[in-house]
Every structure is written in C-alpha cells, then in structure tokens.
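Fold and geometry: a report
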Amino acid sequence: MALKIRLARGGAKKRPFYRIVVAEASAPRDGRYVERVGTYNPMVPKEHEQRMTLNSERITFWLGQGAKPTDRVHKMLAAAGLAEAPVIRDQPKKSAPGKKRAEREAEAASAAEAAAEEAVAEAAPQKKLC
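Along every chain, residues carry numbers that run from 1 in the direction the sequence is written. Restriction of local features to residues with pLDDT of at least 70 applies here, the model being predicted, together with a cutoff of 80 or more for giving and counting side-chain atom pairs; totals for whole chains, interfaces and linings are based on all residues. Excluded from the side-chain calculation are hydrogens and water; included are all heavy atoms of the structure.

1. Overview of the layout of surface pockets
- Only protein atoms enter the 1 Å grid used here, on which a cavity is any set of points holding a 1.4 Å probe that cannot leave and a pocket is any open set flanked by protein within 12 Å on both sides along at least five of seven lines; residues with an atom within 4 Å of a point are listed as lining. Grid points are joined across faces, edges and corners, and a volume is the space filled by probe spheres set on the points. There is about 170 Å³ of room inside the largest pocket.
- Surrounding the largest pocket, Pro 69, Thr 70, Asp 71, His 74, Lys 75, Pro 86, Val 87, Ile 88 and Arg 89 form its lining.
- Take the lining of the largest pocket: its biggest share by element is 3 residues, from helix α2 (residues 71-80).
- Along the lines of polarity and charge, the residues of the lining of the largest pocket split into 4 nonpolar, 2 polar and 3 charged. Secondary structure follows DSSP: runs of H or I at least 4 residues long count as helices, runs of E at least 2 residues long count as strands, and numbering of each begins at the N terminus. Classification convention: Asp, Glu, Lys, Arg as charged; Ala, Val, Leu, Ile, Met, Phe, Trp, Tyr, Cys, Pro as nonpolar; all other residues, Gly among them, as polar.

2. Comments concerning the pairing of strand β1 (residues 3-12)
- DSSP calls a pair of strands paired once it identifies at least 2 bridges connecting them. Bridge analysis of β1 against strand β2 (residues 15-24) gives 10 bridges, and the strand direction is antiparallel. Within β2, the position partnered with Arg 9 by the bridge is Tyr 18.
- Following β1, the chain reverses through 2 residues before pairing antiparallel with β2; Lys 14 in that reversal takes a positive phi of roughly 65°.

3. Overview of the packing of aromatic side chains
- Two aromatic rings, drawn from Phe, Tyr or Trp (for Trp, its six-membered ring), form a pair once their centres lie within 6.5 Å of each other, and the interplanar angle then sorts them: stacked below 30 degrees, edge-to-face above 60, tilted otherwise. If you walk through the whole model with that rule in mind, you get 2 aromatic pairs.
- Taken together, a centroid distance of 6.0 Å and an interplanar angle of 25° make the contact between Tyr 18 and Tyr 40 stacked. One end of the pair, Tyr 18, is in strand β2; the other, Tyr 40, is in strand β3 (residues 35-40), and 22 residues separate them in sequence.
- Here the aromatic rings of Phe 61 and Trp 62 are separated by 5.2 Å at their centres, their planes lie at 75°, and the arrangement is edge-to-face.
- The classification of residues rests on relative accessible area computed with a 1.4 Å probe and restricted to protein chains. Under 20% of the type maximum is buried, over 50% is exposed, and intermediate values are partly exposed. By relative accessible area, which is 34% here, Phe 61 ends up partly exposed.
- By relative accessible area, Trp 62 is classed as buried at 12%.

So, in structure tokens, the structure goes:
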C-alpha cells in the first residue's frame, strides 16, 4: 500500500479549496483517503492564518510511516518547516529549443552585437588630421 500526502480539491467552480490528505496512490484525487491532515485555501491572502492549516504531529507520523508527499505538498511542508526543501530538477530536455531555433538565436545575437559595435563606432567623434 503506497501512501501519498496530496491535495484533494473541493469548493465551487473557480473558488478552489483543498484538503491535504493522506491517501493511497491508486485512489482518485477527490475520492477515498486515509486521513485529512490539513487544508489549503488559495483564495485568501498569503499572510492570512487560514490560508494553510497543518496538523504537524500527524504529518510527521505519516512521513515516518513512509508516505511520500507530492511535489506541491512537499514545497508547502518545506515552507512550514516540516520537511527539507525539495531538490530542484533540471529543465527537461524535451522543452529545450531545437537545433534550427538555436542557430537562429545565435545568428540574431551575433547580428545584434555587430549592429551595436557599428553604432558605437559611428557615434564616437572622429579626429581630424590636419
């Protein structure tokens, strides 16, 4: 039984409210869960005390039992001081620009540098040789 600490969405349309729950990984997002360990309301200001409520005792218990937080919940727990900061992953190669785009960007950059050098050369006063 693989357990996850994740967000379960509630609230009305365009007015989200999330429960932070411990659930089986195979359970539906808003479906059955083992225990509710907190709430998250993104509609209130960040300084408001009701934006995020956490039951830290139960969260540490479930983390000790092997429950894995999702990426978003891991960031929230790190901000609250209940977990270490998540490791920032590198940019996926899939979203990296292709060869042709990289060539075009390199050509555009070199053209911009050449234009800038030319503008500096023209703007500099030329000395007359008498």
